[in-house]
Amino acid sequence: MKTLRLANFGMQGMVGEALTPEIVIDFAAAFGTFLNRETVLVGRDTRQSSRMLRSAVIAGLTSTGCRVLDFGVCPTPMLQFSAERYSAAGAVSISGGHNPMGWNAVQLISSTGAFIEPVGGDTVLDIYHGRDFERAAWNTIGVVEEVNDFTGPYFDALLEFVDTDAIRSADFSAVIDPVNGAGCRFVEPFSKRLGVKTIPINHEESGYLAHEPEPRPRNARQVANLMNVVPSNIGFVASSDMGRLSIVSELGETASEEYTFSIIANHVLGKQSGVVVTNCCTTRTIDEVASRHGSVVVKTRVGQAYILSAMADEQGVLGGEGNGSVAMPEFSRAFDAFLMMGLILEAMATCGARASELVAALPRYHMVKRKVSGESHRCYQAIDRLSRNETWSGGGTPSTVDGLRVDWEDGWVHLRASHTEPVVRVISESKSKDEAENRADEATRLLEHVL
Amino acid sequence: MRDTPKVGISGVRGIAGSSFTPQLATSFAQAFGTYVGPGSVLVGRDTRRSGPMIENAVITGLQSTGCKPLLAGVVPTPTLLVMTPRLGARGGIAITASHNPEQWNALKFIDENGTFLTPSRASELYDVYHQREFRMVPEHDISEPSVPRDCVEPHFQEILNYVDIEAIRKRPVKVAADCCNGVGAIHTPRFLEHFNCDFVACGLSVTGQFDREPEPLPHNLGTLSELVTSHGADIGFAQDPDGDRLAIVDEKGTPIGEDLTVALAVRQVLDAHEKGPVVVHLSTSRCIRAVAESYGCPVHLSKIGEINVTEKMLETGAVVGGESNGGVIIPAIHPCRDSYAAMAVVLELLAKTGKRVSELRAEIPTFVLVRDKIPIEIEDAVNALRSVRRHYDDRDLNLMDGVHVDFDDRWFHTRISNTEPVVRITAEAPDEKGALALIKEVRGLIEGVANI
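This one's a predicted model, so the numbers in the text were calculated from it and none came from an experiment. (Residues numbered from 1 in each chain as written. Chains lettered and ligands numbered in written order. Predicted model: local features only at pLDDT ≥ 70, side-chain atom pairs only at ≥ 80, totals over all residues.)

(A) Up close: the interface of chain B and chain A. At the interface, 31 residues of chain B touch 29 residues of chain A. For the side of chain B that touches chain A, the elements supplying multiple residues, two or more each, are α1 (22–36) and α2 (51–64) of chain B. If you tally residues by element for the side of chain B that touches chain A, the top one is α2(B), at 9 residues. A class-by-class count of the residues in the side of chain B that touches chain A yields 11 nonpolar, 16 polar and 4 charged. (Contact = placed C-beta atoms within 7 Å. Helix = DSSP H or I, 4+ residues; strand = E, 2+ residues; numbered from the N terminus. Nonpolar A, V, L, I, M, F, W, Y, C, P; charged D, E, K, R; others polar.)

Structure representation (structure tokens):
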């Protein structure tokens, strides 16, 4: 089976196998048809294949009569931030994000900067399937203009949004690892303008990623090792699109990416309570942090577009996922590693807390993740069967927002068919490590039996 | 005729936004990348509005097969032909519909030697396209496009090395040029500076649209004629949008016609450079044969189509030739049409002889050439040509491309068009009456068969 995945937020797959130029041109032409000859922003990360896909996207968009503003190498959140400012009808970001080398993705962004609303994305897919694209006549083919000066307004707004004075006077030092991705050229202006002495690593736009681009402890070792030699207040590891972030404390301890959202929630909700939006398999730490500050948590299906959409519905102040992504609609409708870094530095500066203390202040849970193999078209049925198995879920509260989640007093289990692999993902979290393992084992056993 | 892409020996053409889409261009670029193998491919375009879109489509298609695009940008088609072998590229793609109107665009495929794909190689490429099993490389084998250093100047240097540049500089003439809002608008002024020519021009804005019909036919050259007379220029040069064809206007503002443009170039090459065979295609005016014969040089005829002329020239070791539409070919520079090479040898002719263009024109025997076409169904067309052939069976027949019949002082050529549902007839005689009589005779034969 090939790796192509085409959904209402965009498309992703392996380059040279699933993501062919024809498919990408057609998909861009479908989006261009949907946008009806308006202006579209195009940005990309630094991957070897991103330049190629950019040409395909631009060819497809201009053929439908859309005017293209080409941002070149641009982190996805900066492109999202710019959508309203450039009065764009939409934007296309080309970035493999947290996926390994060899993968890439084309993400569709709406005029507000959020990922396209699922219902809009469905319409784009319908146009793609019908292949009845708008075709601009030769003299109305869209023009392409390059945009190079988008960082100024972005950083101006970011400096306005966080407590820049507090951060500057704290005189922080940091190690930042943008994994040779879209963030490389923006690490230095970010650090300079916030007055943070920064050692950047893996900040060459070589086309190759320095390590797996998923920000998580095993990929944060280079930062941690460096911090053992050059003491710094904090270390940051970002994904190749600057959409996800994990931290390393001043002690050189790598923190799970699950903590990024909770640290920021703990800080932001302390200043301003409100609705928090997350997906249905994020750590219960976030529920505790929210209730600590008198805030409500709303849970959505897995997928960032759903979170951004629910944040707009519920007028949430904060949204995020356990993979190290946070968005604040008051700043932009994007999961943004620069914003996350700014907020964490602000938390350290205004509370006078070390990075390790921000982590220690969070309620502790133990999380276990498992995969159960099964043919993809059987996974949904298997989960369905389990949802009716009351001996297993007895005493818990089931929820079928996305897959199956059962909550007990001291923890929860979530089962979900993966969209990218033929597996069911099992996540179990509990106050006690043994209990988390037991519940994961039990769910795995039952799934294996059914599959 | 339906608006379909036209795939043939001169590449893939169509109307941008209807029959010529980025999807089509990408698939052909993938086929070309698969066909030539991983390596660099030179890509350039003319100034058409659809150019950047098609260029992006070509880049993405080439990259996906592991080829490295070398982006020459907006350059003359002959520049791409010269530079493809020089840069060690596996091939080249010219994005231009040449003399077709502005809504058209096309891909023309260049081989590693710097000529367009021969018909046999083109059909291999089209097989790859139709089989749709394009090579796809994983991410780490994708090559970033690069921009080679100035491509145009080395091309111009080849031409400057060929002509006696000092002679031209010593007797500079005043040139008026119509760059047709094409590649010439960017490169022609710089080219003419090499000769110290005093220079006025029109068609210099680059907007993606053309101020005149892009084919340099006499009736499209009104602006240039005015420019010549109002500025007292010695000669007017009219290019097409991609700079492969040239037409000349004399110092009185009269277009001399594309056939005579080629004839002047042929005369100068045979006179000052090298004597040898001359190649033109079957529908070319006999004035070129007259020039060649006055130097004792043989003339060989080829099928219609630039690549056919090129192949015949290489086969016969020709020293000069071309297409009657103003496409001058000088193989010592490179074996394809080049308006810059044509300008240079004609300037050299003016400098060496010291004569006016109208005088030089008067020295070449003139004939009257008449072109006609008859709309017809394809099956009828085939039968009609058979009937013409049988009618002239006892004459001097050439059947390599349609029917060409030579009489003592006149000839005609009739063939089925590659681009329109018509049969074309070209006839030439010493006077207009004779040419029209020939046309009428052939027309009658064709219409008799087709019951028109």
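(B) Layout of the confidence of the model for chain B. Per-residue confidence for chain B gives a mean pLDDT of 95; residues scoring 70 or more make up 99%. The ipTM assigned to the predicted complex is 0.86, against a pTM of 0.90. (pLDDT = per-residue confidence, 0-100.)

(C) Inspection of the domain arrangement of chain A at higher detail. Residues and elements named next belong to chain A. As far as domains go, chain A holds domain 1 (5–151), domain 2 (163–360) and domain 3 (366–450). Computed from C-alpha coordinates alone, the two centres of domain 1 and domain 2 are separated by 26 Å. Broken down by element, the side of domain 1 that touches domain 2 gets its largest block of residues, 4 residues, from helix α3 (residues 76–85). For the side of domain 1 that touches domain 2, the class distribution of residues is 12 nonpolar, 12 polar and 3 charged. (Domains from an automatic or database assignment.)

(D) Quick peek at the sheet that holds strand β11 (residues 245–248) of chain A. All names here are of chain A. On the basis of which strands lie adjacent, the open sheet formed by 4 strands has the order β9-β8-β10-β11 and mixed pairing. The open sheet has two free edges, formed respectively by β9 (197–200) and β11, since each of these has just one partner strand. Strand after strand, the sheet turns through a mean of 25° between neighbouring axes, direction not considered. Of the strand pairs in this sheet, strand β8 (residues 173–177) and strand β10 (residues 234–238) are connected by 4 bridges, and their pairing is parallel. Bridging from a neighbouring strand, Ala174 pairs with Ile234 of β10. Relative to β8, helix α8 (residues 221–229) is tilted by about 150°, and along the sheet it contacts β8, β9, β10 and β11. (Pairing = 2+ DSSP bridges. Axes fitted to C-alpha atoms, helices over the stretch in contact; angles between N-to-C directions.)

(E) Layout of the packing of helix α9 (residues 258–271) of chain A against helix α12 (residues 337–351) of chain A. Residue and element names in this part refer to chain A. Packing of α9 against α12 leaves a shortest axis separation of 10 Å and a crossing angle of 55°. By the criterion of interaxial angle, the relationship of α9 to α12 is oblique. In the crossing of α9 with α12, the sense of the turn from one axis to the other is left-handed. From α9, Thr260, Ile263, Ile264, His267 and Val268 reach across to α12, where they touch Met340, Leu343, Ile344 and Ala347. (Parallel < 35°, antiparallel > 145°, perpendicular 65-115°, else oblique. Left-handed = near helix turned anticlockwise from the far one by under 90°.)

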